[in-house]
Amino acid sequence: MPRAGLTPDRITAAAADLADKVGFDNVSLSALARHFGVKDASLYSHVKNLQHLRTRLALLAGGEMIDRIAVAVAGRSGKEALAAFAGAYREYALQHPGRYAATQIRVDQSLVADSPALRRTAEITYGMLNAYGLEEPDLTDAVRLLRSTFHGYCALESTGGFGHPRAVQASWDKAIDALHVLLEHWPREEGESDD
């Protein structure tokens, strides 16, 4: 590919495609330079270093993922919204394993404080949970539970970790049913009310 037209966005998009092919941990500036037919040094005028590229990739993937989730949950609430949210999450994780892995890294909050994707993720996630009447600190606890459940399930599924003959989809559906029941009957701390 020609050198002309290199931009941070093009490099990040190429990194995302590469991550899905070879795995997030195998994305390197050298591999991207080869992809674009340039020397490694040519990329440094567009991205500071590998960590900067990984942060950009995490934000790109997070934005793509929350866009899918937003479409899925639009006009839904309660269990229907939870199932749509979870389904879109799982579909993205399985279709884009490298991009999804990027969404799981810890990024420097000072670099992403103004990220529209992160704000949108919080708005949609908390909006979906509002139907269950949760307030802080329960909202944070519920978000952590959902993320852990979805991530764990997707990680096991993507590596063939479910060996039992029961259909994986059937177990997923049962997990969503169980999460819905739990969210409806969330254990309140003493002194909290349901109003």
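You'll find the structure just up there.
S.K.: Before we move on, could you go through helix α4 (residues 78-95) and cite the residues and values that matter?
M.R.: Owing to its 3.6 residues per turn, the α-helix aligns residues three or four sequence positions apart on the same side. Between its first and last C-alpha atoms α4 spans 26 Å; for 18 residues at 1.5 Å apiece the expected length is 26 Å, and the two agree. When we look at burial in α4, the residues that qualify are Gly78, Ala81, Leu82, Ala84, Phe85, Ala86, Ala88, Tyr89, Arg90, Tyr92 and Ala93. Of the surrounding elements, those touching the buried residues of α4 are α3 (50-73), α5 (97-103), α7 (116-130), α8 (138-158) and α9 (168-184).

S.K.: Which residues make up the side chain of threonine 125, and what values do they have?
M.R.: Looking at the secondary structure, you find threonine 125 in helix α7. Excluding its chain neighbours within four sequence positions, the residues that come into contact with threonine 125 are Phe85 and Val143.

S.K.: Please set out the environment of leucine 53 residue by residue, giving values where relevant.
M.R.: Position of leucine 53 relative to the elements: it lies in helix α3. The exposure class of leucine 53 is buried, given its relative accessible area of 1%. Between the C-alpha atoms of leucine 53 and arginine 99, which are 46 residues apart in sequence, the distance is 12 Å. Leucine 53 has contacts with Ile11, Thr12, Ala15, Val27, Leu29, Leu32 and Val47, leaving out every residue within four places of it along the chain.

S.K.: Mind laying out the packing of aromatic side chains, listing which residues take part and the relevant values?
M.R.: Throughout the structure, instances matching the rule amount to six aromatic pairs. Residues tyrosine 89 and tyrosine 100 carry aromatic rings whose centres are separated by 5.6 Å and whose planes lie at 75° to one another, so their mutual orientation is edge-to-face. Taken together, the residues span a long stretch of sequence, with tyrosine 89 in helix α4 and tyrosine 100 in helix α5 at a distance of 11 residues. The same class applies to tyrosine 89 as to tyrosine 100, namely buried. Aromatic pair tyrosine 153 and phenylalanine 162: ring centres 4.7 Å apart, planes at 40°, arrangement tilted. In this structure tyrosine 153 comes out as buried when scored by relative accessible area, which is 11%. Aromatic ring contacts, followed pair by pair, group Phe85, Tyr89, Tyr100, Phe150, Tyr153, Phe162 and Trp172 into a single cluster.

S.K.: Can you tell me about the pattern of salt bridges, naming the residues and giving the values?
M.R.: Tallied over the full model, the rule gives nine salt bridges. Of the charged contacts in the structure, one is a salt bridge between arginine 56 and aspartate 9, with a shortest N-O distance of 2.6 Å. A residue pair is termed long-range when its members are at least 10 positions apart, and arginine 56 in helix α3 and aspartate 9 in helix α1 (residues 8-22) qualify at 47 residues. Owing to a relative accessible area of 57%, aspartate 9 belongs among the exposed residues under this scheme. In this structure, glutamate 91 engages arginine 68 in a salt bridge whose closest nitrogen and oxygen atoms are separated by 3.5 Å. Of the two residues, glutamate 91 sits in helix α4 while arginine 68 sits in helix α3, which places them 23 residues apart along the sequence. Among the residues examined, arginine 68 registers a relative accessible area of 29% and is labelled partly exposed. In the salt-bridge network here, residues are joined through shared partners; they are Asp17, Asp20, Glu64 and Arg99.

What counts as what
- Residues numbered from 1 in each chain as written.
- Predicted model: local features only at pLDDT ≥ 70, side-chain atom pairs only at ≥ 80, totals over all residues.
- Heavy atoms only, no water.
- Helix = DSSP H or I, 4+ residues; strand = E, 2+ residues; numbered from the N terminus.
- Expected span 1.5 Å × (residues − 1).
- Buried < 20%, exposed > 50% of the residue type's maximum accessible area, 1.4 Å probe, protein only.
- Contact = heavy atoms within 4.5 Å.
- Phe/Tyr/Trp six-rings, centres within 6.5 Å; stacked < 30°, edge-to-face > 60°.
- Salt bridge = Lys/Arg side-chain N within 4 Å of Asp/Glu carboxyl O.

Remember, this is a structural readout, not a statement about activity or role.
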